[in-house]
Every structure is written in C-alpha cells, then in structure tokens.
Amino acid sequence: MAPAYDYRAAEEKWYRFWENSGYFAAHVNPDKEPFSIVIPPPNITGKLHMGHAMDETMQDIIVRWKRMSGFETLWLPGTDHASIATEAKVVEMLAKEGLTKTEIGREAFLERVWEWKRQYGGTIVNQLKRLGSSCDWSRERFTMDEGCSRAVREVFVRLYEKGLIYRGDYMVNWCPVCQTNISDVEVEHEEEEGSLWYLRYPLADGAGAGDGAGAAIIVATTRPETMLGDTAVAVNPADERYRKLIGKTVLLPIMNRPIPVIADEYVAMDFGTGAVKITPAHDPNDFEMGIRHQLPKIAVIGEDGRMTAAAGKYAGQDRLECRKGIIAELEAAGLLEKTETHVHNVGHCYRCDSSVEPLISKQWFVKMEPLAKPAIDIVKNGAVEFIPERFTKIYLNWMENIRDWCISRQLWWGHRIPAWYCGDCGAVIVARDAPQTCGTCGSSNLTQDQDVLDTWFSSALWPFSTLGWPDQTPELEYFYPTSVLVTGRDIIFFWVARMIFMALEFMEEPPFAKVIMHGLVLDHDGKKMSKSRGNAIDPLEEIEEFGTDALRLAMITGNTPGSDFRYQKGKIEGYRNFANKLWNASRFVLLNLDDERLSLSDFKGSFTLPDRWILSRYNNTAAEVQRLLERFDLGMAAQTLYDFVWNEYCDWYIEMAKPRLRSSEPSERRTVQAVLRHVLQGTLELLHPFIPFITEEIWQKLPGNSGSIMIAPWPQADPGLIDAKAEKEIGALMDIIRAIRNVRAEMNVPPAKKVEAICQADPEKGQLIDTNRILLQTLGGLSTITVIQEDAPKPEKAAAAVAGGISLFLPLAGMIDLTKEVERLEKEYHQMQGLCAGVEAKLSNAGFLAKAPAEVVSKEQEKLAGYREKALKLKERLDALKG
RNA sequence: GGGGGAGUGGCUCAGUCGGUUAGAGCGCUGCGUUCACAUCGCAGAGGUCAACGGUUCGAGUCCGUUCUUCCCCA
C-alpha cells in the first residue's frame, strides 16, 4: 500500500466497477421497501458548479445509506431542457454563422437545438458522475423526451378542460432582449438609484388644487415616459388634501387628453405628493386599478422596447430616449415641478439581466387559487415536511399570496402549447394530439399556437412523469411517491412548490414526504458565486486537486442544515488530509493483519480495557450516526465519524494496540487484530455514504471481503458492547497520560527520554494503573511506574500533577525548576478553586436543590468532589514544595 | 413595507431537550524525522458567546428591545 492515498486512480476504477456491476440500478421488488429520490434535473446547458456538488453529495449520502440499509433504492437522474438558456445558446451559435432563427425557420432551428443537445447535453451528466453519484443511469430522463412531453400535454389538456388554464390579455413581465415574457418568479428585483420626477398635470376646468399651488395636481413618477399612456390620476379617498378634486378632470400634458381624478385606497398618501398617475398598460398595480375603475388601457411601449404609435410624436423612440425628451418638453412647458433622487426596485430578467418591461400581452396562465389550496393544506397537516422547518413558513407565505402563473413563452425550444386556432371560425382547440379539423366549423385551416411552455411546467411533473405517468406503470406504482427531495433553497418557488400542487392535482398524493433544503455555496468573502463576478470555483478543479471524497466532505461537514456556507480552500484541504489519515490508519491495520478474517465474537473473552473502550466508542458512534442520518443532519453525522476516526481510533486505540501487536503471545495479537479489523471495517461502512471512493478502495483490501462496500449491510450498533465503565476508566488513563505529557513538555524533557513515574492512588485506581502499566509506559514515555499508597510519603524533587483521580510524580532530578513548578501548580490550583467556588455556589442555592432534577444535582455534587480532591492534592504538593 | 437567516477565540464555523471546565478546523507558540501518516505527532496560548433588559434554581441556548449584517418577497 502506498504511503499516500491516490484518489485519481481509485475514483475512476470504482465508479466504473459500481456502474458495470449494476449496483446503481433499482428494480421493482415487492419483497423490499422502496426508497426513491428524483434528481433536481440540471440544465443541459449547465456546467457543474458548487451548487450541484452540494446537492448531489447530499442526495448520494442519503441514497447510499438507504441502499446499504436494505431499501430498494432508486435515484432517478435526468436533465432539463432549459428553454430560454438553450435557445439563447443556439441563437448565439447561429449568429456566429451570420444567421438568425427566423431566417432558418422553426423546424430547422429545432433540429439545430437537438443537434446541440446530442453534442453537449451529456456534459453535465458526465460531470455528475465525477461526484460519485449513484444514480440509476439506465433510467435517465430528459424533460423533452417522449414520455415527459406526453405528460406535459396530458396535464395541459386536463387543466384546460377543468378551467384551470386560460388565455388572456394580462400584464406580464416582458423582456425586450430575450423577446419573451417571463413569470413573476423569474424577475429579480434590484435596488437602483433613479429619479423621482414631480409632474404638474393642469386641471381641465381651471379649479384650484386646494393646496394653493395653482390649477394643477402634481404627481410623482419614476417612469415619466409612461405618462403618454396615462388614463387617470389617483389619490387616496382618505386624503384631505385632494378630497375636493376627486371626480374632477385633469388635462394630460403633451397628449392633451382629459383624464379623471379617481379615488383608490391603494394609493399611498405619504409617497411623493400622494397623487399618482395611472398607466394601466404599463404597471401591474395600475393595471389592477384600471380594472377596478374601468379605465382604458393605452399601450405606449411595444415589445421591442420602443414607443408605439399611441405615443404620438415619440413613436419609434427607445423608451429611455423618450424619457429624456419628455422631461425636456415638460420642463420647457413649466410642468416639471422638481426632481428628486430616489432609490427604487427595478425588475430584471433572471436570464439576461436587462430591465423588464411590464406590459399587456395575450398569454396562457394557470389559475392558481384552486391548486394552491390543497398544496397549502398538505404542508400544514405535515404530510409534506420541510427540513429545516423554517422553510415551511417561506413556502406557505408564498403559496398563500400566489398569483396566476404565466406559462407561455415566446420561444421555440420547449413544449409547444397544445392549442390550435381555427383560421375560419376562430375557435380554440386544446388537444393531446394535433386535430385534423375544427370541431366547431369543420375547417381544416388550423394553426398551432406559436409559443412554448415555461420550462418549469415540465419539471413540475418530474416526480411522476419520469416514472411513466400518465400510464400506470409498475415503477409508478412501486416508487411513487418519492421519499425525499433534496434541493437548494433558491428554487423553492420555481420548482418545489409547483411539484407539490401538480402532484396533488394529478396523483392525488404529494410527490415526496420530506423536502430537504440546502443553502448556497458562497465564495470566501460570503458572496454568491457567479460567472459574471468571476468568483465561481469549479468543483472539477477541486476534485483534480484534492479528490472527490474531500470535496464531498467539504460540501456538508460543519455547516448548519439549510444555511449558506462559505467555501474555503482550507476546508477541502482539511478533508483531503482526513482521507489521508484514514488511508494511513488502514495501512497500519492492514500491515498488521494476517490473511485470515477473524471474527470478533470469537475473542469476546479476551478483550482488554482498550478493546472494550474502542468497541464501546465505535458502537456509540454507529448509533449516533444513525440517529443523525435519520434527522438528515448529514453534516453532524460526518463530523461525528471524522472525530471518531481521528481522535479516538487513530490517536488512541491504534497507539494502545501497538504494544500488543508486537506481543509474542499469539492470542493477545489475534484479539487486537480482530478488534482493529472489526472497528475499521464498520467505520469504513459508516463512512461510505460520505466518502464512497476511499472507503471502497480500503474495504476491498481487507482480507475476506468480496462484492462491494456499497452493497454491504449498514452497520448496526450493538448495545451489548457499549461499556460506560470502560469509557470512564480509559478517560482516567487518558487524563493521566495527558498530565504526564504536559509535565514533560513544560519541563522540556526530550520526547525520546524515558522517565520514571510514581502514582499515589487509592487501591482501585492503583489496580487500574497496574493492569494498564504497559499502556501508560508506552503512551507516556515512561521507564517504570510505581504505585504507592495514599498515605505513603511523597517523593521529593519531583514534578507533580493531579489527574484522573491520582497524584502523579515524575522525579526529574536536575530538570526541575522549582519556581516554575510552583507557578504551574499554583495556576492549576487557582483554576480548581474557581471551579469549586462555582459549583459550591450552585449547590448552596436552595432553589437549585429544590427545583433542579436530582440527576443534575448529583452530577454537580460529583463534580465538586472531583474538583475538591484535585484542589486538595495540589495544595498538599504546593505546601510541600514551599515548606 | 412584510418575512427569514446570521452576529460565539485572529479567520471560517459547530453547539441537539436550558444544566459541558463553551468545542472544531485553519492560523499562532514551543517541542518532535527508525518502526501507519510532516497531507503527521505531542504540548500550549487564545472567548465578559453583538448590547441592554426579562423569564428561570440555572441562559450561548427561551422572551422582549436595540444595533450590525445577509437573503427572500411586495
């Protein structure tokens, strides 16, 4: 075995081995309980990023754990067609050839996209494999494959027939750059510093404004260019200042259009002047108000972001150019009252970051209220549970205030809307398959809707469309509903919420019982990683440098579930080191094992104290890991194993085992071999879900193993091997050893120099020291240990310490600096006194004695006794030195 | 405006049901190269747990207020 773990060779080898052996594949198996997860499908345009690394790692840990635990485990992988991103990619490619998509036409364009998908769509899949993901690749799906597409059409038609999908003219978020509308959740709001312009709208009948400002009403706006489409001015009905003006008419400047002053409670009295201009065609709130007051809607900005014919002389101008013109014109006319700087939220396209234009457009929508209700109930009654729990509130808050979902997109790549329009009678036909003739007039002059569906419409069906729905397949029957969903907190609305209501509507069952949310991976400064910011770290580079297992641990260990965490090089380095530690501990064990596989149960009678201790610690660890995994507290589970391996198995048990491995007594040797092996193997198995590669590599080398660790049975804690007494006794011995080492270090005793030790102990402790003298000698660097009785005279000219309930003396002739020794002991003595005082105060408090549980009180009493004993012994020593 | 996080050694973060001498990794200091590992070992320094108030026998942990900071929604 090499002195360092070579992850490069191991990773490739074992992944291929697992896949070829069919270990990833899940089968419908009524004899076993199923456990299933669907992957959050990455975009085919995507490149592996840290978010994937985290997401995949968490899923793989859960899946491997469940598989080893005996479940028929399905992790269903696949990819998402990412309508807008993919289309943009291919459009860009065409542009390089000097072509546009309209030039080549829909059919040729789609062919190009499929071609692109064939060529690059698998990249992300191969990258997922580098993370060790144990997906059933034989079941890999794509949101645009035949099955998923059929499910999409089925859902669309059924929702339409139920009246839950409608088409209409409504305010949408239009991206003038992407040339499509986007849904509300796809709009990202950013604070921007802009201006607030105060515009003077003269009253038509010349009546006074009531505020002494003259015959006008002043409105404040951040978007003066939309004034060309104003159809009212609104004030709050409770606003004294404007009460007299309600019902009056103002003359819209530039357009010279008379518009009414209306009252609406929506108007905020403390914003601007308390009077606002209303543009129903270009602002979502104004649109609503326009409906309430039956105001005309005048669209002055078009889908190209330019002013329309309705904008009069500004027609054809870009909207920002128009804004300048209008300000100049109003100013010249004396109608610009003032300008203030103003910070406001501007909606941006999630995709291209350009500012979104709210405008009215004919689109398809899903009516949300009836779908949201069951989706709220299912979470409230606990049938779908969010982990951590706080995401429940975030989900409910959104679901309870949900707006209709705009699902059409002005794109070509995606699921084309299954609606046809009759060219003769205008009928709309929504159907699963292309109709030949119009059901109303019989005409065959039919054209299909040009638009495609929001990508999330198909991913919303993912948990059941991938299992064969709308057919009642055996897979659907067996694996649905899925067990858990693991995903990032950033797509709770986009995806999680939508899967829940779609599943409830079509499966009448939630898509999963638990939703495990994780945060985002941030850079070392706590900033979100992004291509544009240039701070994204490539997980593949990290894998190259440190290995997949190290990356996996870095992704989950030591951070709170659900919260974001900062990625730092030091972290992955640390876990690379851990892998190497595990490797070397295993190397040591393997070098000391014989070829025969020893069974632990054959050695039960000959366990020594260290054996009983490590077996107890191991079984406690196994139980704890199980408990943590059941709560999906993966980070804590990994941390528990990390600590066990490094701080207990390596630092102590291996060191304790060394003298016995060199023993000439074969039974002694064989016992320690059996324990070393048993604990190592179990620990590897517990670690396997977290770090699959190195654990397989080592496990395969252990004598007598065959098959694969990934299908080995999950270790069960054996309560019979938990031994509190052994843990306590070893604890005392460790304290003594640490005290010896501490004295040696303080007194500058060279590490290789063996020293003599004298222990003053009661008979019980004396016995403990006596039976473990070799251990103390080896780990403390001692030549001899002498146990003397408590009342025996204390050695002189010796450094002293109190630990593990005994007084310890190291006669270091000529090496003791008396002043330093007194100083050291005094420091410790004062510390003990402080601790005593603290506990004494507690124990003299009548309230504490009366109200605290008896167990807590006796624990405090025990503590005090220990501190007092130690303080007393230290005092004795100090007196002796001084006296 | 509404909602949610976070504030714990120099840095990054754990801390479960309120009871621990408040932990870890990195960094820092001292010592250490035969016998698994310098990707290491041993010993050590370093914290009034953001502030104030409250509940409690007992608060890093629960409640309130304030400050700082990040995120989501409108």
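Residues numbered from 1 in each chain as written. Chains lettered and ligands numbered in written order. Predicted model: local features only at pLDDT ≥ 70, side-chain atom pairs only at ≥ 80, totals over all residues.

(A) Representation of the protein's contact with RNA strand B within the structure. Close to RNA strand B lie 43 residues, the nearest being Thr560, Asn577, Asn580, Phe588 and Gly847. Mapped onto the surface near RNA strand B, the elements with two or more residues apiece are helix H10 (390–400), strand S25 (565–566), helix H17 (569–591), helix H19 (634–661), helix H22 (724–746), helix H26 (846–851) and helix H27 (854–882). In terms of residues, the surface near RNA strand B owes the most to one element, H17, which gives ten residues. Residues of the surface near RNA strand B, tallied by class, amount to 15 nonpolar, 16 polar and twelve charged. (Near = placed C-beta within 6 Å. Helix = DSSP H or I, 4+ residues; strand = E, 2+ residues; numbered from the N terminus. Nonpolar A, V, L, I, M, F, W, Y, C, P; charged D, E, K, R; others polar.)

(B) Looking closely at the sheet that holds strand S14 (residues 357–366). Pairing in this open sheet of four strands is antiparallel, and the strands run S6-S5-S14-S16 from one edge to the other. Sheet topology places strand S6 (180–182) and strand S16 (405–406) at the edges, where each strand pairs with a single neighbour. With three bridges connecting them, strand S5 (residues 165–175) and S6 associate as antiparallel partners. From the neighbouring strand, tryptophan 174 faces S6, where its bridge partner is asparagine 181. (Pairing = 2+ DSSP bridges.)

(C) Local environment of the pairing of strand S18 (residues 419–422). The pairing of S18 with strand S19 (residues 428–430) spans three bridges and is classified as antiparallel. Residue pairing across strands places tryptophan 420 opposite isoleucine 429, the latter belonging to S19. Bridging between S18 and strand S20 (residues 446–448) involves three bridges; their strand directions are antiparallel. Note that in S20 the partner of tryptophan 420 across the bridge is glutamine 448.

(D) How the structure looks around the domain arrangement of chain A. Taken domain by domain, chain A consists of domain 1 (180–358), domain 2 (418–449), domain 3 (569–722) and domain 4 (736–882). Centre-to-centre separation of domain 1 and domain 2, based on C-alpha positions: 41 Å. (Domains from an automatic or database assignment.)

(E) Region of interest: helix H15 (residues 539–546). Buried within H15 we find Pro539, Glu542, Ile543 and Phe546. Down the axis of H15, the smallest arc covering the buried residues is 100°, so these residues share one side. Residues of H15 that are buried in the fold lie against helix H2 (50–68), helix H5 (123–130), helix H16 (548–556) and H17. Glycine 547 sits one or two residues past H15 and shows a positive phi near 100°. (Buried ≥ 20, exposed ≤ 12 C-beta atoms within 10 Å, placed from the backbone. Arc of directions from axis to C-beta. Contact = placed C-beta atoms within 7 Å.)

(F) Structural detail: the sheet that holds strand S10 (residues 249–252). The strand order S10-S11-S9-S12 describes an open sheet built from four strands, whose pairing is mixed. Of all strands in the sheet, those bounded by a partner on one side alone are S10 and strand S12 (275–278). Ignoring strand direction, the axes of neighbouring strands in this sheet form an average angle of 30°. Pairing of strand S9 (residues 232–235) with strand S11 (residues 257–263), which is carried by three bridges, proceeds in the parallel orientation. Across the sheet, residue valine 235 finds its bridge partner in S11, namely alanine 263. (Axes fitted to C-alpha atoms, helices over the stretch in contact; angles between N-to-C directions.)

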